[in-house]
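Architecture and fold: a report
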Amino acid sequence: MEDVPGVKEALQKNNNAAAAAKIEENLKQQNNIPLNIAITGESGSGKSTFVNAFRGLCDDEEGAAPTGVVETTSEVTEYPHPNYPNVKLWDLPGIGTTKFPAKKYLKLVGFEKYDFFIIISATRFTENDVKLTQEIQKIKKKFYFVRSKIDNDINAERRKRDFNEEKTLKVIRDDCVHRLRDLGVESPQVFLVSSFELHLYDFSLLHETLDRDLPEHKRHALLRAMPNISLEIIDKKKKTFKRRLYWLSALSAAVVAVPVPGLSIAVDIAVLVKSRIEFKILLLTYKHRNHLRIQPEDPLQ
Ligand SMILES: Nc1nc2c(ncn2[C@@H]2O[C@H](COP(=O)(O)OP(=O)(O)O)[C@@H](O)[C@H]2O)c(=O)[nH]1
Ligand SMILES: [Mg+2]
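Nothing here was measured: the structure is a model prediction, and the numbers come from that model.

With that settled, the discussion passes to the overall build of the protein chain. A count of helices and strands for the protein chain gives 11 helices and 6 strands. Buried positions account for 45% of the 301 residues belonging to the protein chain. Residue pairs in contact within the protein chain that sit at least 24 positions apart in sequence constitute 63% of those at least 6 positions apart. When the accessible surface of the protein chain is split by element, carbon and sulfur atoms take 53% of a total near 16,800 Å².

What follows is the structure, given as structure tokens:
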């Protein structure tokens, strides 16, 4: 079990109240760690659809980013995650328009606040996408390339008699990588994604990569906001959930032992009970969807 800073010291001094306060502070902090993800790319590349899929919303749901064949985003729009509002996806306007010329783009979209950038392209990455990566490199922020609408490519290729999904994906990936290299991007990493089917292709790999690159405290924020698209993600969530529950029980035990004025754990516990139920449902749905014949397990076992 990970340590909460200051708890051991407080307990060694027999100061339960101080230990409880440290635990509560730490639990609250975990809820409030900001993570700002910038989604950029040309108009029509699938930015808004990606934002919605990441937040677990359908495109026509209330609070979803507007999407469509003629929709263009001409402003920076903020979309907080419905359950974890500290995680925000920012739907950015396309680079290279008169309103957002490449040179001034990062300044105009307020680059400082983003933890990293996801650059989306539905076909080939363009000169503008590359200009943007060059500017992002200058400010030393991370960026990732997403080649979107892979379901369309696969469906079109499927009509051919010698269709092979793996080969098709490799051709698309190699093509993007070569193009980005030709445009001057060193060792580009490209993730093939369908926002209609996040559980397929490279979305999980994108998460793994972000998870590796992010600082520890931001990783938790990302994981909690991730859509439940694979057993790995569900399993990782289960682990952090158990850790949180452990500290909450420690906190409630400390409060019972020495009542500490001003400590409010009731709300947090209600949230945990609710998420425990949600957890079970999502696990069952996931298994059902993937035709896994696994008995539903208690997420806390
Ligand atoms: N087949 C498919 N279509 C997509 C995908 N992502 C976006 N689209 C469609 O592409 C069009 C433009 O998407 P939108 O998200 O509005 O693009 P934006 O202008 O970059 O925000 C819409 O009709 C979407 O339904 C995808 O992963 N697969
Ligand atoms: Mg849009």
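To continue, consider the confidence of the model for the protein chain. When pLDDT is low, close inspection of the predicted coordinates is not appropriate. The predicted model of the protein chain averages 82 in pLDDT, with 80% of residues at 70 or higher. Highest mean pLDDT in the protein chain belongs to strand β6 (residues 190-192) (97); lowest belongs to helix α11 (residues 266-289) (59). Considering only residues more than four positions removed or in separate chains, one finds that residues 293-301, a stretch of pLDDT under 50, has 21 contacts.

With that settled, consider the site of ligand 1. What surrounds ligand 1 is a group of 18 residues, the closest being G44, S48, T49, D151 and S195. G44 places a main-chain nitrogen or oxygen 2.7 Å from an oxygen atom of ligand 1. In the environment of ligand 1, a nitrogen atom lies 2.8 Å from a nitrogen or oxygen atom belonging to the side chain of D151. Every element with two or more residues in the shell around ligand 1 is listed here: α3 (47-54) and α6 (150-157). Broken down by element, the shell around ligand 1 gets its largest block of residues, 3 residues, from α3. Residues of the shell around ligand 1, tallied by class, amount to 2 nonpolar, 11 polar and 5 charged.

Below, the discussion takes up the pattern of salt bridges. Once their charged atoms are close, side chains differing in charge can pair, the charge on each being opposite to the other. Taken as a whole, this structure holds 12 salt bridges when the rule is applied. Residues K218 and D115 are paired through a salt bridge, measuring 2.9 Å at the closest nitrogen-oxygen approach. One end of the pair, K218, is in helix α9 (residues 216-225); the other, D115, is in the loop between α4 (105-108) and β4 (116-121), and 103 residues separate them in sequence. Take K218: its relative accessible area is 12%, and that puts it in the buried class.

In this section: the nonpolar core. In this structure, I37, F50, I118, F203 and L206 are the most contacted members of the largest nonpolar core, which totals 31 residues. Listing elements by their share of this core, those giving two or more residues are β1 (35-41), α3, β3 (87-91), β4, β5 (142-147), α8 (203-213) and α9. When near neighbours in sequence (up to four residues on either side) are disregarded, F203 contacts F50, F54, L192, V193, L198, M226, P227 and I229. One finds L92, Y114, F145 and V177 within the second-largest nonpolar core, a separate group that totals 30 residues.

Over its 12 residues, helix α5 (residues 127-138) runs 17 Å from end to end, which matches the ideal 16 Å to within 8%, given 1.5 Å per residue. On its buried face, α5 is in contact with β1, α4, β4, β5 and α7 (165-182). One or two steps after α5, the chain reaches K140, where phi turns positive at roughly 60°.

Along β4, 6 of the 6 residues are buried, which leaves the element largely enclosed by surrounding structure. The alternating pattern of β4 places F116, I118 and I120 on one face and F117, I119 and S121 on the opposite face, and all of these are buried. Here 5 bridges tie β1 to β4, and the two strands are oriented parallel to one another. When the bridges of β4 are listed, G41 appears paired with I120.

With that settled, consider the sheet that holds β3. Strand order across the open sheet formed by 6 strands is β2-β3-β1-β4-β5-β6, with mixed pairing between neighbours. Since the sheet does not close on itself, it has two edges, and those belong to β2 (77-80) and β6, each with one partner. The sheet shows a mean angle of 25° between the axes of neighbouring strands, taken without regard to direction. In this structure, β2 lies alongside β3, joined through 4 bridges in antiparallel fashion. Bridged to E78 within β3 is W90. Contacts from α8 reach β4, β5 and β6, with the element oriented near 175° to β5. The strands touched by α9 are β1 and β3; relative to β1, the strand with the most contacts, the crossing angle is about 65°.

Reading guide: rules and limits
Residues numbered from 1 in each chain as written. Chains lettered and ligands numbered in written order. Predicted model: local features only at pLDDT ≥ 70, side-chain atom pairs only at ≥ 80, totals over all residues. Heavy atoms only, no water. Helix = DSSP H or I, 4+ residues; strand = E, 2+ residues; numbered from the N terminus. Buried < 20%, exposed > 50% of the residue type's maximum accessible area, 1.4 Å probe, protein only. Contact = heavy atoms within 4.5 Å. Areas by Shrake-Rupley, 256 points an atom, 1.4 Å probe, with all protein chains shown as cover. pLDDT = per-residue confidence, 0-100. Near = heavy atom within 4 Å. Polar contact = N/O pair within 3.5 Å; in protein donor to acceptor, adjacent residues only side chain to side chain. Nonpolar A, V, L, I, M, F, W, Y, C, P; charged D, E, K, R; others polar. Salt bridge = Lys/Arg side-chain N within 4 Å of Asp/Glu carboxyl O. Core = buried A, V, L, I, M, F, W, Y, C linked by side-chain atoms within 4.5 Å. Expected span 1.5 Å × (residues − 1). Pairing = 2+ DSSP bridges. Axes fitted to C-alpha atoms, helices over the stretch in contact; angles between N-to-C directions.

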